[in-house]
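The chain contents come next:
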Amino acid sequence: MPRDNMASLIQRVARQARITFRSPAGPAFGENLHRLQQLLDEVRAEDLHLAPRGPSAVAAAGGGGLPWSGVVPPVSYMHICETESFSMGVFLLRSGACIPLHDHPGMNGMLKVLYGTLRIACMDTLPAAASAAPPPPAAGGPCHRALFRSRQQYTPASPPCLLSPHTDNLHQIDAVDGPAAFLDILAPPYDPQHGRDCHYYRLLEGPPAGAEPPGLPREVWLMETPQAADFWCGGEPYPGPRVCL
């Protein structure tokens, strides 16, 4: 059952996000960010009136059809609130869905799993270096050196996953063994007119057949790509407690 104080909790999360990201360069940013992490870590799926979905619920939410038939989006977004300094909402991933590798230019972010299991791969872009090895010959677009920092699984018991303008700013998110959902805070929101457009990338490597995956962290090459044809994000109404700012 939802906790009695959930409305005040999600409201406090939003208020703390507004305080935290109103002055991201201020002297209290670290302390405010830590407080926001603590509040975000308390949020559970049932508190937002969410529950894991089976195939029938997925089809119903998408207006009929089968997953991956071109009717039901692999990912849906529930908008909660947005200001000039941050946005907050819930992403729902169908079983087997993937949010491709993408960036968050000049942005901070926090991700808290509500149900299911996510595998999150995090990377940083690296400055160009004259001594760096050239990109693979198969590259067919703009390439960027990057540091592949981590690949971890997150569940509702995990602490929030964080990104900053310079650390873990690129990530790929995969739903593992079933549907998953996460609460997402981005600060500031995407805004192409202010240089915060979303760019997608493909990892230009692959271990030989039968080989163990290379260790992390390690340097890699990424190729910028258009948004994948099999990835798009639908919209759904947010059913949880109202947030007012």
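Our structure's up above, just so we're on the same page.
Predicted, not measured: the structure shown is a model, and the values here were computed from it.

Calculation notes
- Numbers given to residues run from 1 along each chain, matching the order in which its sequence is written.
- At least 70 in pLDDT is required for a residue's local features to be given in this predicted model, at least 80 for side-chain atom pairs to be given and counted, and no such filter applies to totals for whole chains, interfaces and linings, which use all residues.
- For side-chain calculations, the full set of non-hydrogen atoms in the structure is used, while hydrogens and water are omitted.
- Three exposure classes are used, based on accessible area relative to the maximum for each residue type with a 1.4 Å probe and protein chains only: buried under 20%, partly exposed in between, and exposed over 50%.
- Every helix listed is a DSSP run of H or I at least four residues long, and every strand listed is a run of E at least two residues long, numbered separately from the N terminus.
- DSSP bridges decide pairing: two strands pair if at least two such bridges lie between them.
- By salt bridge we mean one thing: a side-chain nitrogen of Lys or Arg within 4 Å of a carboxyl oxygen of Asp or Glu.
- The contact definition used throughout considers only heavy atoms, calling two residues in contact when any of these lie within 4.5 Å.
- Throughout, the protein atoms alone are placed on a 1 Å grid, and a set of points is a cavity if a 1.4 Å probe fits but cannot get out or a pocket if it is open with protein on both sides within 12 Å along at least five of seven lines; lining residues have an atom within 4 Å of a point.
- Grid points are joined across faces, edges and corners, and a volume is the space filled by probe spheres set on the points.
- Ten residue types, Ala, Val, Leu, Ile, Met, Phe, Trp, Tyr, Cys and Pro, are classed as nonpolar, four, Asp, Glu, Lys and Arg, as charged, and the remainder, Gly among them, as polar.

**Student:** Would you explain the pairing of strand β7 (residues 170-187) in this entry?
**Tutor:** With 15 of 18 residues buried, β7 is to be regarded as a mostly interior element. Strand direction decides the pairing type here: strand β2 (residues 87-93) and β7, joined by seven bridges, are antiparallel. In the strand pairing of β7, valine 90 is matched with leucine 183. Two elements, strand β3 (residues 98-102) and β7, share three bridges in a ladder whose sense is antiparallel. Paired with histidine 102 across the strands is histidine 171, a residue of β7. Bridging between strand β4 (residues 108-125) and β7 involves 14 bridges; their strand directions are antiparallel. Bridging from a neighbouring strand, tyrosine 115 pairs with alanine 181 of β7.

**Student:** How should the pairing of β2 be read in this particular structure?
**Tutor:** Within a regular beta strand, the side chains point alternately toward one face of the sheet and then the other, so they alternate between its two faces. Of all the seven residues making up β2, seven are buried; the element is thus mostly covered by neighbouring parts of the structure. Judged from the seven bridges that link them, strand β1 (residues 75-82) and β2 form a sheet pairing that is antiparallel. Note that in β2 the partner of valine 75 across the bridge is leucine 93. With antiparallel pairing between neighbouring strands as the criterion, β1 and β2 make up a hairpin whose turn holds four residues.

**Student:** Is there a simple way to think about unusual backbone geometry in this case?
**Tutor:** Peptide bonds are mostly trans, and most non-glycine residues show a negative phi. The peptide bond linking alanine 187 to proline 188 adopts the cis configuration, its omega dihedral lying at -10°. Position of proline 188 among the secondary structure elements: in the loop between β7 and β8 (200-203). The omega angle of the peptide bond from leucine 216 to proline 217 is 0°, so this bond is cis rather than trans. Relative to the helices and strands, proline 217 is located in the loop between β8 and β9 (218-225). Not every positive phi belongs to a glycine, and histidine 49 is a case in point at roughly 60°.

**Student:** Sorry if this is basic, but what is going on with the pattern of salt bridges here?
**Tutor:** A pair can form between side chains of opposite charge whenever their charged atoms are brought close. One pass over the full model with this rule turns up five salt bridges. Here aspartate 168 makes a salt bridge to arginine 149, at a shortest N to O gap of 2.7 Å. Placement of aspartate 168 in the loop between β6 (161-163) and β7 and of arginine 149 in strand β5 (residues 143-154) is noted, with a sequence separation of 19 residues between them. Owing to a relative accessible area of 14%, aspartate 168 belongs among the buried residues under this scheme.

**Student:** Hey, could you run me through the environment of proline 239 in this one?
**Tutor:** Among the secondary structure elements, proline 239 is positioned in the segment after β10 (233-235). It is 9.9 Å that separates the C-alpha atoms of proline 239 and histidine 79, two residues lying 160 residues apart in sequence. Those residues in contact with proline 239 that lie beyond four places of it in its chain are Leu48, His49, Leu50 and Met78.

**Student:** I'm lost on the layout of surface pockets in this one. Help?
**Tutor:** Empty space among the atoms becomes apparent when a probe as large as a water molecule is rolled across them. By volume, the largest pocket amounts to about 440 Å³. What lines the largest pocket is a set of 22 residues, among which Tyr77, Phe91, Asp184, Leu186 and Tyr190 lie closest to the centre. Elements represented by at least two residues in the lining of the largest pocket include exactly β1, β2, β3 and β7. In terms of residue count, β7 provides more of the lining of the largest pocket than any other element does, five residues in total. Broken down by class, the residue content of the lining of the largest pocket amounts to 14 nonpolar, six polar and two charged. Considered as a void within the structure, the second largest pocket measures approximately 390 Å³ in volume. Lining the second largest pocket are 24 residues; nearest its centre among them are Cys98, Pro100, Leu101, Gln172 and Asp174.

On their own, these measurements won't tell you what the molecule is for.
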